[in-house]
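The lines below spell out each chain.
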Amino acid sequence: MCAVPARAQWGPRVIPEPTDGLKDAYKDYFKIGVAVNNRNVTDPDQIKVVLREFNSITAENAMKPQPTEPKKGEFNWEDADRIANFCRENGIKMRGHTLMWHSQIGTWMYQDEKGNLLPKEEFYANMKHHIQAIVNRYKDVVYCWDVVNEAVADSPVWPGRPELRDSPMYKIAGEEFIYKAFEYAHEADPNALLFYNDYNDAEPAKSQRIYNLVKRMKDAGVPVDGIGMQAHYNVYGPSMKEVDDAITLYSTIVNHIHLTELDIRVNEDMGGGLRFRQGASQVADWEKTLQEDQYKNLFKVLRKHKDVIDCVTFWNVSDKDSWLGVNNYPLLFDENYKVKRAYNLVKQFNPEMDNAVVLEDFKPSELNQPGQEYPMVNSQGYARFKVNAPKATSVIVSLGLGGTGGTVLHKAEDGSWMGTTDGPMDEGFHYYHLTVDGGVLNDPGTNNYYGSTRWESGIEIPAHDADFYAMKNVPHGKVQQVLFWSNSTNQVRTAWVYTPPEYDKNKKKYPVLYLQHGWGENEYAWWNQGHANLIMDNLIASGKIEPFIVVMTYGMTNEGFRPGQMPAARPAAAPGAGAPGAAPQARPARPAGGMGMMMNNGFEAVLCDELVPYVDANFRTIAKRESRAMAGLSMGGMETHTITLARPEVFAWFGLLSGGTYNPEEIQEAGLDNKKVKGIFVGCGSKEGPDQIRSAAQKLQEAGYNAKGYVSEGTAHEFLTWRRCLYEMAPMLFK
Ligand code: XIL
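Reference entry: report on the structure contained in this document. (Residues numbered from 1 in each chain as written. Predicted model: local features only at pLDDT ≥ 70, side-chain atom pairs only at ≥ 80, totals over all residues. Heavy atoms only, no water.)

### Here we look at the overall build of the protein
Thinking step 1. Check the secondary structure of the protein and you find 19 helices and 27 strands.
Thinking step 2. Taking the principal axes of its C-alpha atoms as reference, the protein extends roughly 110 × 50 × 45 Å.
Thinking step 3. Looking at the protein alone, contacts between residues at least 24 apart form 76% of all its contacts between residues at least 6 apart.
Thinking step 4. Accessible area of the protein: about 28400 Å², with a carbon and sulfur share of 50%. (Helix = DSSP H or I, 4+ residues; strand = E, 2+ residues; numbered from the N terminus. Contact = heavy atoms within 4.5 Å. Areas by Shrake-Rupley, 256 points an atom, 1.4 Å probe, with all protein chains shown as cover.)

Structural data, given as structure tokens:
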């Protein structure tokens, strides 16, 4: 099982074009089918997608009763033949859809010209002639048929009322017309698998009626082989328990279950309801997250039932083709035939995770507010969330800022919203927030930490090496707030200054490390979620370092940014924490933000001309460059890089933590060399593309620099990486 890096605070990812299809990913499970229209089988670009992804095809409309026989005895095979020939040419077998349906059927089937219902025998003769004509015509290419479609009544059905739809066919013949349709089809092609097909197929009451009907058919000896679950679902329902229960129920009576018309729309309508064009004209990220969750969980349930499920058909190729309209965003391919993130969540499943056992040893996260049970963390690193929001319709836990992904919570029996991450999370600290019906909120269960340009909720997955930043019974230094006047920005500014435990007990002077946060954080981050003071205390107590002062100020990295806005240039993001099982992508250890922004944000003047003189004047520092270090994480690393090279008279020790690298040439161009630069530390997490850190450190060492490269195992662009970096960097400073 691979651990899950929490989403770093960077934006949307570019999803590459697939090279193989869903059908390949599911070859050991079931066929993946699609309903096609004329364009899908004639446009070369669309054909490419169809042939790459699918190995079962349904005609969306072309084989229905009305299109094939609009008038009695007048057949129109053109569209059906085109699709059938496409399948013949490409060696794909078809699901036939559909022989008897109350919709899209010529009225001649069941009524006379005056609109009177036909006598039963005449209706049966019509039905038989139609069914047998079409079944015979496509016998060679159609391997199964939806014989009767949507004949069960929708909920609610009042006691004493028929369980079947009150269609003209039902009025003429009652339930028997269904039996007859199956018999005629079986007569025409005894080899075809014959299905009863319906929607709201996972709704408990209707699924019971569907079961009852098929049970009566079986008992009467009707040749019914399978149940088609149309699966026109939405992002709010059905629940996966309902789907699981329905499949379990159906599997007690048939050996074949197909999902015949799968789509998951973003509004609350379901099934064949014709209010389907309502809904979002712009689909919000949180709605996409709900859809991803629904698709991902649905396929997990389907994989579990692979013994009885043998085909899963999407109703249309892309949102552009969808009968629900593009606004409903229902499929895995968007309106430009590009795959959505949901596609990868369906496709890149990890079979081991399907059977993963989550240990029920959850404990409150150590960052929780007093007395709060949730969020919880278990010994494997899974996180479990619980939120009370009785009237909410959706609650999502998101890690990081913007984009999609996260853990979607579901209503628990006590009415609260609960959810567990799909997999273990990376060890260490993660920011998160809740999205409740589209509104972004913090979790009242836990403390807040400034990151992603706002005070976010925080959760801590205990790290195996947590001892180095643990609060222990050792002498502790102080972290004090200083307020200093800044001429360049015309305001009072804040810094937090760590002085070592012995500072107040002697008259010694100390070197100073200026330690910067990243793009989304502020001056609180390093000693709150970073535990910089505890790391220093522990290092000093164990004699691993000589004491020094650490100054933490706001690096002006997100002034002018609001949550949701991003710096102009940013690297490709790490995978979301909501996507456990997905292989972590390497993310280069480059800081975000354009160089221009770094140079122009005014921080160089604040730091070098205002804060450094203030600290030297107000603390017992060794006020010379050899006793000053600057280090920063992520964008703070980029600031460090820029400022150390621009102001060589100020700092002699440099540290970049997931914040890029130095090369000997640029150092030389800045008028420095391996004597003037006393030491360089570069580090990052192993999930951030660590090779450039290793090779940069090696190059610097070869050029005679006192350089150290460090890679934090199993971590991404997050605080455990930087805690470890500080722990590794501190012993080399000021030696
Ligand atoms: C839909 C088609 O997608 C539309 O193009 C057509 O206008 C109406 O029918 N249940 C079914 C499908 O069994 O045949 C329906 O297909 C969708 C609902």
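### Re the pattern of salt bridges
Thinking step 1. Inspection of every chain in the model, using the stated rule, returns 44 salt bridges.
Thinking step 2. Note that Arg95 and Asp146 form a salt bridge whose closest N and O atoms lie 2.8 Å from each other. Here Asp146 lies in strand E4 (residues 142-149) and Arg95 lies in strand E3 (residues 94-101), a separation of 51 residues in the sequence.
Thinking step 3. Here Asp146 falls in the buried class, since its relative accessible area comes to 1%.
Thinking step 4. In this structure, a network of salt bridges that share partners links the residues Glu604, Asp609, Arg647 and Glu649. (Salt bridge = Lys/Arg side-chain N within 4 Å of Asp/Glu carboxyl O. Buried < 20%, exposed > 50% of the residue type's maximum accessible area, 1.4 Å probe, protein only.)

### Let's talk about helix H8 (residues 204-219)
Thinking step 1. Taking 1.5 Å of rise per residue, the 16 residues of H8 would be expected to cover 22 Å, and the 22 Å separating its terminal C-alpha atoms lies within 8% of that figure.
Thinking step 2. Residues of H8 that are buried include every one of Lys206, Ser207, Arg209, Ile210, Tyr211, Asn212, Leu213, Val214 and Met217, and no others.
Thinking step 3. Of the residues flanking the end of H8, it is Gly221, one or two places downstream, whose phi is positive at about 80 degrees. (Expected span 1.5 Å × (residues − 1).)

### A few points about the sheet that holds strand E24 (residues 628-633)
Thinking step 1. Taken in spatial order, the eight strands line up as E20-E21-E23-E22-E24-E25-E26-E27 in an open sheet, and their pairing is mixed. Looking along the sheet, the strands with just one partner apiece sit at the ends: strand E20 (478-486) and strand E27 (707-712). Neighbour-to-neighbour, the strand axes of the sheet open up by a mean angle of 20 degrees, direction not taken into account.
Thinking step 2. As defined by bridge partners, E24 adjoins strand E25 (residues 653-657) across five bridges and the pair is classed as parallel. The partner of Ala629 across the bridge, within E25, is Trp653.
Thinking step 3. Sheet strands touched by helix H18 (residues 691-702): strand E26 (679-685) and E27. Its angle to E27, the strand with the most contacts, is close to 165 degrees.
Thinking step 4. Contacting strand E22 (512-516), E24, E25, E26 and E27, helix H19 (residues 719-729) crosses the sheet at an angle of about 155 degrees to E26. (Pairing = 2+ DSSP bridges. Axes fitted to C-alpha atoms, helices over the stretch in contact; angles between N-to-C directions.)

### A few points about the site of the ligand
Thinking step 1. Taken together, 13 residues lie near the ligand, and Glu60, Lys64, His97, Asn149 and Glu261 sit nearest.
Thinking step 2. Separating a nitrogen atom of the ligand from a side-chain N or O atom of Gln230 is a distance of 3.3 Å.
Thinking step 3. Trp315 places a polar side-chain atom, nitrogen or oxygen, 2.9 Å from an oxygen atom of the ligand.
Thinking step 4. Expressed as a share of its isolated accessible area of 410 Å², the protein-covered part of the ligand is 79%.
Thinking step 5. Of the residues in the shell around the ligand, the class split is three nonpolar, six polar and four charged. (Near = heavy atom within 4 Å. Polar contact = N/O pair within 3.5 Å; in protein donor to acceptor, adjacent residues only side chain to side chain. Nonpolar A, V, L, I, M, F, W, Y, C, P; charged D, E, K, R; others polar.)

### Considering helix H10 (residues 285-304)
Side chains of residues three or four places apart in an α-helix project in the same direction, reflecting 3.6 residues per turn.
Thinking step 1. Between its terminal C-alpha atoms H10 stretches 29 Å, which fits the 28 Å expected from 20 residues at 1.5 Å a residue.
Thinking step 2. Within H10, 15 of the 20 residues are buried, which leaves the element mostly enclosed by the surrounding structure.

### Description of empty space enclosed by the protein
Thinking step 1. Here the structure, examined in full by the defined rule, presents five cavities of 30 Å³ or more.
Thinking step 2. Taken as a whole, the second largest cavity encloses approximately 60 Å³ of empty space.
Thinking step 3. Around the second largest cavity, the lining comprises 13 residues; the ones closest to its centre are Glu150, Ala151, Arg165, Ser167 and Phe177.
Thinking step 4. Elements that contribute at least two residues to the lining of the second largest cavity include exactly E3, E4 and helix H6 (168-173).
Thinking step 5. Class assignment of the residues belonging to the lining of the second largest cavity gives a composition of eight nonpolar, three polar and two charged. (1 Å grid on protein atoms, 1.4 Å probe; cavity = no way out; pocket = protein on both sides within 12 Å on 5 of 7 lines; lining within 4 Å. Points joined across faces, edges and corners; volume = space filled by probe spheres on them.)

### Let's talk about the packing of aromatic side chains
Thinking step 1. This structure, assessed with the given rule, holds 35 aromatic pairs.
Thinking step 2. With centroids separated by 5.2 Å and ring planes inclined at 75 degrees, the aromatic side chains of Tyr450 and Trp455 adopt a geometry described as edge-to-face.
Thinking step 3. Relative accessible area serves as the criterion here: at 14%, Tyr450 is assigned to the buried category.
Thinking step 4. These aromatic residues form a ring-pair network of at least three members: Tyr26, Tyr29, Phe30, Phe54, Tyr295, Phe299, Phe314 and Phe349.
Thinking step 5. Over the aromatic face of Tyr29 sits the side chain of Lys306, whose NZ or CZ is 5.0 Å from the ring centroid.
Thinking step 6. Arg384 extends its terminal NZ or CZ atom over the ring of Phe362, reaching a point 4.1 Å from the ring centre. (Phe/Tyr/Trp six-rings, centres within 6.5 Å; stacked < 30°, edge-to-face > 60°. Lys NZ or Arg CZ within 6 Å of the ring centre and 35° of its normal.)

### So, the pairing of strand E8 (residues 256-265)
Thinking step 1. Most of E8 is tucked away, with nine of its ten residues classed as buried.
Thinking step 2. Where strand E6 (residues 226-229) and E8 come together, four bridges link them in parallel fashion. Its bridge partner lying in E8, Gly226 is registered against His256.
Thinking step 3. Handedness of the strand E7 (residues 232-234)-helix H9 (residues 240-251)-E8 crossover: right-handed.
Thinking step 4. Bridge count between E8 and strand E9 (residues 309-314): four bridges; the pairing is parallel. Residue Ile257 lies in a different strand from E9, and its bridge partner there is Ile309. (Right-handed = clockwise from strand over helix to strand, strands pointing away.)

### Overview of a nonpolar patch on the surface
Thinking step 1. A cluster of nonpolar residues, Leu483, Trp485 and Val492, forms a patch on the protein surface that exposes about 320 Å² of accessible area.
Thinking step 2. Within the secondary structure, Leu483 is located in strand E20. (Patch = residues over 30% accessible without salt bridge, like charges linked within 9 Å, V, L, I, M, F, W, Y side chains within 5 Å.)

### Notes on the state of the cysteines
Thinking step 1. One pass over the structure, following the stated rule, counts zero disulfides.
Thinking step 2. Cysteine Cys725 is unpaired, with the sulfur of Cys684 as its nearest cysteine sulfur at 7.4 Å. (Disulfide = S-S within 2.5 Å.)

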